[in-house]
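Chain residues, written in single-letter form:
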Amino acid sequence: MKALVVDDAKVVRVTLGRIMKQIGYEVLEAADGAQALEQMEANPDTAVVMLDWNMPVMNGYDFLVELRGRPEHGSDPKVIMVTTETGMGQMLKALAAGADEYIMKPFDKDMVVSKMEILGLEVAEG
Amino acid sequence: MSMTDREFKYLSAFLLKASGIVVNEDKMYLLRSRMQPLLRKYKIASMDELAQQVRSNERGPLAHAVVDAMTTNETLFFRDQYPYDALKTLIFPEIVHSKGVGKRINIWSAASSRGQEGISIALTAMESVPQADRRVRILGTDLSDEALAYANEGLYTQMEVQRGMPVKLLVRFFNQEGTNWRVCPELKAMLTFKKANLVSDQLSGVVRPHGPFDIVFLRNVLIYFTVDERKRVIDRIAANMVKGGYLITGATEVAQGVRSKWEMVTFKNKRLWKLK
Ligand SMILES: C[S@@+](CC[C@H](N)C(=O)[O-])C[C@H]1O[C@@H](n2cnc3c(N)ncnc32)[C@H](O)[C@@H]1O
Ligand SMILES: [Mg+2]
């Protein structure tokens, strides 16, 4: 199972990536929305995207709109926003654009596991 | 911080009597650490002095604070998930069918802590019972004043709302206040929180006006009691339930008490209890 971790901050990619590996995912990374689109083209079987909002080049919201507009992906992969954008308005906007879950930073492993389970995504023990 | 054997025995007996919570010698460290904030707050020099002050007024504010400090209020929205799946797919459909549309459904969260359990029940009802906001009433009871005050306020931290709760329910049923989230009035109106002691014979007097109950959640609290007390608690609860009502305990907790009164129902490999 592949998880794509998208964040312009390396430290977030590393900590979130480590959590995703611990729960059984092969982790792909991208530092902005444009790189994330390339990763999705190379890895169409990605199960879940952990998506930051504020990034240079192409932000997470624009990536999400673009991803959901591509018929080859249908409603896959699941998208979990992981962001400091915590206003109700932003949350509704992301959900309307096709985000499946939302994590308001700061996050921890329990929170990530909980959101994965809510979406019915596999979570390996350990 | 020394404590004589005599004073430890006294505090442990007091806690057992006042709350049913068992504090054996192997929990002495827990008792000490839970009492530290109280010693500071009430400017009490030692555990022995604390014991003496409690002894001199077992119904006073300090005694209450001691009991409150020994309760473990840890809880989560949608804790363990299966109880809510059982409500949605098994229990609510059965009750709606047998009662008919429009009749009141009474639910009791019998160790409600900070209210997450009751709110999770309300959210589930909103999704699976027609006109839930008018028909479903949920009573939450707890012994801890602090937990009850929190539940009554209905304001949860960003951390709390992100464990177990789907974001779609969060944005629909909560209002944002800074980084906190307040349960909306529509849901709040389905919930009432009251102080009630599960190990007291006065329990029925407190809950009866809100019953009889079709569903009771009694989760992650029996573990603190002796085996005999667990049985008495279950029997007190049964006395306030309708025939055919469901009791949902913690995943590893068993509905003891008069065993012949309960039918075991298996749901997703977990046990639920139905009152005969
Ligand atoms: C660990 S919490 C469980 C909360 C919730 N039911 C759940 O499963 O997440 C246990 C709660 O039981 C309450 N409690 C302990 N002894 C009690 C008693 N004798 N009567 C009523 N509540 C009690 C505590 O105050 C605490 O809030
Ligand atoms: Mg960023």
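Our structure is the block above this text.
A short tour of the structure in this document, coming up.

## Regarding helix α4 (residues 88–96) of chain A
Residues spaced three or four apart along an α-helix face the same direction, because each turn holds 3.6 residues. Residues and elements named next belong to chain A. Along α4, the residues classified as buried are Met88, Met91, Ala94 and Leu95. For α4, the angular spread of buried residues about the axis comes to 130 degrees, placing them on one side. Counted as exposed and oriented over 90 degrees from the buried face of α4: Gly89 and Ala96. Backbone geometry just after α4 places Gly98 at a positive phi near 110 degrees.

## Things to note about the site of ligand 1
Residue and element names in this part refer to chain B. In the vicinity of ligand 1 lie 22 residues, with Ser19, Thr75, Arg79, Asp142 and Asn220 positioned nearest. Between ligand 1 and the protein, one listed contact pairs a nitrogen atom with a side-chain N or O atom of Glu117 at 2.9 Å. Within the side chain of Asp142, a nitrogen or oxygen atom sits 2.5 Å from an oxygen atom of ligand 1. In isolation ligand 1 exposes 600 Å². Once the protein is present, 99% of that is buried. Along the lines of polarity and charge, the residues of the shell around ligand 1 split into eight nonpolar, nine polar and five charged.

## Thoughts on the interface of chain B and chain A
Across the boundary between the two partners, chain B contributes 15 residues, which contact 20 residues of chain A. Carbon and sulfur atoms supply 59% of the area that chain B and chain A bury against each other, a total of about 1,400 Å² over both sides. Contact with chain A buries surface across chain B, with Gln162, Val167 and Val171 of chain B losing the most and accounting together for 41% of the total. On inspection of chain B and its partner chain A, the count reaches eight residue pairs in polar contact (both at pLDDT 80 or more). Secondary-structure elements contributing two or more residues to the side of chain B that touches chain A are α9 (158–161), α10 (167–173) and β4 (174–177) of chain B. The residue makeup of the side of chain B that touches chain A, split by class, is nine nonpolar, four polar and two charged.

## Observations concerning the packing of aromatic side chains
Counted by the stated rule, this structure contains eight aromatic pairs over all chains. The interplanar angle of 15 degrees and the centroid separation of 5.6 Å between the aromatic rings of Trp53 of chain A and Tyr61 of chain A together place this pair among those described as stacked. What makes Trp53 of chain A buried here is its relative accessible area of 4%. Ring geometry for Trp108 of chain B against Phe213 of chain B: centres 5.1 Å apart, planes inclined by 35 degrees, an arrangement best described as tilted. Taken as a pair, Trp108 of chain B in strand β1 (residues 105–109) and Phe213 of chain B in strand β7 (residues 213–218) lie far apart in primary sequence, 105 residues in all. Pair check on accessibility: Trp108 of chain B and Phe213 of chain B agree, each one buried. Three or more aromatic residues link up through ring pairs in this structure, and these residues are Phe77, Tyr150, Tyr156 and Phe174 of chain B. The lysine or arginine in question, Lys93 of chain A, covers the ring of Tyr61 of chain A, its NZ or CZ lying 4.4 Å from the ring centre.

Cut-offs applied
Residues numbered from 1 in each chain as written. Chains lettered and ligands numbered in written order. Predicted model: local features only at pLDDT ≥ 70, side-chain atom pairs only at ≥ 80, totals over all residues. Heavy atoms only, no water. Buried < 20%, exposed > 50% of the residue type's maximum accessible area, 1.4 Å probe, protein only. Helix = DSSP H or I, 4+ residues; strand = E, 2+ residues; numbered from the N terminus. Arc of directions from axis to C-beta. Near = heavy atom within 4 Å. Polar contact = N/O pair within 3.5 Å; in protein donor to acceptor, adjacent residues only side chain to side chain. Areas by Shrake-Rupley, 256 points an atom, 1.4 Å probe, with all protein chains shown as cover. Nonpolar A, V, L, I, M, F, W, Y, C, P; charged D, E, K, R; others polar. Contact = heavy atoms within 4.5 Å. Buried area = accessible area lost by both parts, 1.4 Å probe. Phe/Tyr/Trp six-rings, centres within 6.5 Å; stacked < 30°, edge-to-face > 60°. Lys NZ or Arg CZ within 6 Å of the ring centre and 35° of its normal.

Keep in mind that these numbers describe shape and distance, not what the molecule does.
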